[in-house]
Amino acid sequence: MEVLAGTKMTLSSYLEWAQHKLAEVASPRLDAEVLMAHSLDISRTVLMAYPERFLNRIEAEKFCSSIERRVLREPVSHITGIQEFWSLEFAVNDKVLTPRPETEILVAQCLKAFAKIPSSPVKILDLGTGSGILAIVLAKELSQSLVTAIDNSAQSLEVARENALRHAVAERINFVSASLLETDWQRPYHLIVSNPPYIESENLSKCMPEVWQYEPTQALDGGRDGLDYYRFIVPMAWEKLEENGLLALEIGHTQAEAVVALMESSKRYKGIQVVQDYSGYDRVVLARTVNG
Ligand code: GLN
């Protein structure tokens with residue numbers, strides 16, 4: 001690697017070398033390009049316009065070391081410190097779950113539900129906010145909204161606050177450091193949204209190495225059957241929502257039936273709806289509260 005970093009080579013030959021080194025990862029070429037753009041501090045589009053450009057020593061060293069990290073399966077988002085979500089850039093690190101594209105379905109469903117009343121301030125609670133994506137995107141898109149975002153990790157909340165400042169919505173989000181399972185949530189809300197940990201404990205080690213080696217277990221581990229958080233959230237949310245308030249939850253793709261059953265057996269929800277992601281997997285469950 002040192003030899004390579006010191007050698008005068010073009011951008012396209014570095015990319016070829018990297019693609020070869022990353023043969024084991026899911027998208028070698030894309031990752032190599034993203035890491036090259038990051039190393040040169042330019043966009044991927046600009047990058048593609050100069051394939052014959054030479055890298056200077058500092059650029060080459062930065063690129064080679066980022067490829068070495070990726071070879072060890074560190075996520076691209078941890079190397080660059082950035083993940084795009086809802087066409088916005090969010091700071092991420094190993095203390096928060098890197099936003100997944102399928103979580104955009106959850107955002108889209110919430111926005112659809114509140115599209116008709118944009119002028120009244122929507123009061124929103126985001127449970128387990130992590131990097132803050134749900135709280136921040138909803139605050140941005142629903143410009144009158146007031147959001148409470150809770151997380152039990154102070155380090156997560158630091159990332160979330162930084163992201164809220166970056167996207168100029170910090171003054172409308174109240175970040176609360178509290179455990180999802182213990183906090184006495186303030187109330188009432190029009191919308192409670194959550195992407196809770198939902199992976200079955202014993203399946204964690206079967207996830208991609210990027211996930212189980214580098215991402216925070218507490219953002220992923222949903223207990224023995226992956227449903228621990230839903231068992232808590234479904235009954236509690238009813239108490240904290242206005243009548244006809246919306247509960248919107250991301251779920252694992254095998255969990256729709258169980259989460260719907262939790263809602264049905266509580267007899268406190270109506271209009272229960274399961275929504276699929278772009279791959280056709282069940283991904284979101286929505287329900288409105290009925291008056292007790
Ligand atoms: N979708 C994530 C994954 O499969 C899990 C997110 C979660 O537990 N909320 O890696």
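Heads up: the structure comes first, above all this text.
This text gives an overview of the structure that appears in the document. (Residues numbered from 1 in each chain as written. Predicted model: local features only at pLDDT ≥ 70, side-chain atom pairs only at ≥ 80, totals over all residues. Heavy atoms only, no water.)

Now for the site of the ligand. Surveying the vicinity of the ligand reveals the residues Leu 97, Arg 100, Glu 102, Asn 195, Pro 196, Pro 197, Tyr 198, Ile 199, Ala 219 and Leu 220. Interatomic distance of 2.8 Å between a side-chain N/O atom of Asn 195 and a nitrogen atom of the ligand. Note that a nitrogen atom of the ligand is positioned 3.0 Å from one of the side-chain N or O atoms of Tyr 198. Compared with its free state, where it exposes 300 Å², the ligand has 87% of that area covered by protein. At a threshold of 2 Å from the grid points, most atoms of the ligand map onto the largest pocket. (Near = heavy atom within 4 Å. Polar contact = N/O pair within 3.5 Å; in protein donor to acceptor, adjacent residues only side chain to side chain. Areas by Shrake-Rupley, 256 points an atom, 1.4 Å probe, with all protein chains shown as cover. 1 Å grid on protein atoms, 1.4 Å probe; cavity = no way out; pocket = protein on both sides within 12 Å on 5 of 7 lines; lining within 4 Å. Sits in = over half its atoms within 2 Å of the grid points.)

This part is about unusual backbone geometry. Negative phi values dominate among residues other than glycine, just as trans dominates among peptide bonds. Here Arg 73, not a glycine, exhibits a phi torsion of approximately 75°, which is positive. Looking at the secondary structure, you find Arg 73 in the loop between helix H5 (57-71) and helix H6 (76-80). The residue Ala 168 is not glycine, and still its phi comes out positive at about 60°. Relative to the assigned elements, Ala 168 resides in the loop between helix H9 (154-166) and strand E5 (173-177). (Helix = DSSP H or I, 4+ residues; strand = E, 2+ residues; numbered from the N terminus.)

With respect to the helices and strands, Glu 74 occurs in the loop between H5 and H6. On the basis of relative accessible area, Glu 74 is assigned to the buried category, the value being 14%. Among all residues touching Glu 74, those that are not within four sequence positions of it are Arg 69, Ile 79 and Tyr 214. (Buried < 20%, exposed > 50% of the residue type's maximum accessible area, 1.4 Å probe, protein only. Contact = heavy atoms within 4.5 Å.)

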